[in-house]
Each structure stands twice: as C-alpha cells, then as structure tokens.
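Below are the chains, spelled out letter by letter.
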Amino acid sequence: MHSIRTTPITEELARYLEDTSTREDDVWRRLRAETAELPAGGMQIGPDQARLLSWLAKLVGARRTLEIGTFTGASALAVVQAMPEDGRMVACDVSEEWTSIARKYWIEAGVRHKIDLRLGPALDTLAALGREGGGLFDFAFIDADKEPIWSYYEGALALLRPGGLIAVDNTLWGGQVADPTVRDPDKEAIDAFNRRIIDDPRVDAVQLTVGDGLTLLRKL
C-alpha cells in the first residue's frame, strides 16, 4: 500500500488556489503575462511557487541569495522582494534575450540594485564565486538545464551557509521520473538526482508536489 496521497490539481482547483493562496502585485502579474506569450513561456514558475519561494526566503532570513537559471526573472523578483533593502542576489543565466525582459521588470519594481546578473555558464559563475569569497549564501534556487543538475547542486551547496536552504525545481519532470519507459537525458538526470539526494548526509531533504516538483534541502 502506498502511503503518499496528493490531491489532483484540476483547472478549477488551480484557479481556486490562485485566488486564495497567492498575492501578485501588478509588476509580477504583467511579467508573468509577457512571459506566457514566449515560445518557452511554459518554463516560468507559477504564482503559488513564487509565493512559496518568497516565504522561504523570509523564513531563513535571506540576505544573500543565489539563483541558477533566471529566465525572464519572475522567481528572482519574488525572492528579492522578500529580502531587506541591503540584500543581494547573484542571478545566473546564459540568455541576454530572456534576461532583458527580467531587467525591465526588476527596474520597474525598484529591485534592480539588489541583483547581480551574471551571464555565462552557471558552473563557471559558481567557481568564480568560490574564488571571490565574500561570505556564504542563505538561500539558493536551481532552475536551469537538467543534465548538470547534480553539479549545480554541489556548487550551490559549497556556497551555502549551514542552515541555509536550496530549492530545486522540476524534480518530478511532468511525472516522467516515475515512468521507466522514458529514456530522456533530462529525465534520467533528475531521477538520478532524486535518488542520490535522499541519502546525502550533508542535507535534510523534502520533495514537494508544488508546480513540476520542488525539492527543498537544508544544509546541515
């Protein structure tokens, strides 16, 4: 007998959750709407997940945060709005096109000064951050390409303070992680991550069925 139960999310229930558990300001709403029109718009996080990330950043008292995979900036906006005025985020991405949308809305929201956007391979940025020193991060969000997911996790963990939190997105991969017939490199990388993380003694981990699957890891 399986002991895990999850309420199926219908379209009606999804709308209900948006109405009762999320608060979007006008800037975030318009950013989400513009992103939804892009061919890759399905990559953006939903308002429930944005709200959760914001809440988690507040919970750990985040003053220094890291994001691996910024896209059009919705998740970064949610997190930095939860940070104090002197808080700082390092945001990693490879796309000038997508992050140009992000910068527009960050400026409008009055948070651009909190975000150090670094364009280039995230693993290079993580290595550079390790060399720079300057203190450890309180919170990290990983939502980038999936095959290097373990390397991103290792890089973020090395930069995280004890008691800090990492959130990893897409860890259910549309439910395909449970389908042995799927032979997709992204799915296999995520499945390997999920199976390794549960036995990693460096963290306390929990996997949530928020969005496309969100795994939270507290550094011990």
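Coordinates for the structure precede this section.
First things first, this report covers the structure right here in the doc. What you see is a predicted model, and the numbers here were worked out from it, not measured in a lab. (Residues numbered from 1 in each chain as written. Predicted model: local features only at pLDDT ≥ 70, side-chain atom pairs only at ≥ 80, totals over all residues. Heavy atoms only, no water.)

**Let's talk about the pattern of salt bridges**
And then number 1: A complete count under the given rule lists 16 salt bridges for this structure.
And then number 2: Residue Arg202 pairs with Glu154 through a salt bridge whose shortest N-O separation is 2.9 Å. Taken together, the residues Arg202 in the loop between α8 (185-197) and β6 (203-208) and Glu154 in helix α7 (residues 149-159) connect sequence positions 48 residues apart.
And then number 3: The class of Arg202 is partly exposed, set by a relative accessible area of 34%.
And then number 4: Judged by its relative accessible area of 28%, Glu154 is partly exposed.
And then number 5: Salt bridges sharing partners connect three or more residues here, namely Asp26, Arg29, Arg30 and Glu108. (Salt bridge = Lys/Arg side-chain N within 4 Å of Asp/Glu carboxyl O. Helix = DSSP H or I, 4+ residues; strand = E, 2+ residues; numbered from the N terminus. Buried < 20%, exposed > 50% of the residue type's maximum accessible area, 1.4 Å probe, protein only.)

**Overview of the packing of aromatic side chains**
And then number 1: Applying the stated criterion across every chain, the model contains four aromatic pairs.
And then number 2: Each ring, one from Trp150 and one from Phe193, has its centre 5.6 Å from the other, and the planes form 65°; the classification is edge-to-face. With Trp150 in helix α7 and Phe193 in helix α8, this pair connects stretches of sequence that are 43 residues apart. Across the pair, exposure class does not vary: Trp150 and Phe193 are buried alike.
And then number 3: Aromatic pair Tyr153 and Phe193: ring centres 5.7 Å apart, planes at 80°, arrangement edge-to-face. (Phe/Tyr/Trp six-rings, centres within 6.5 Å; stacked < 30°, edge-to-face > 60°.)

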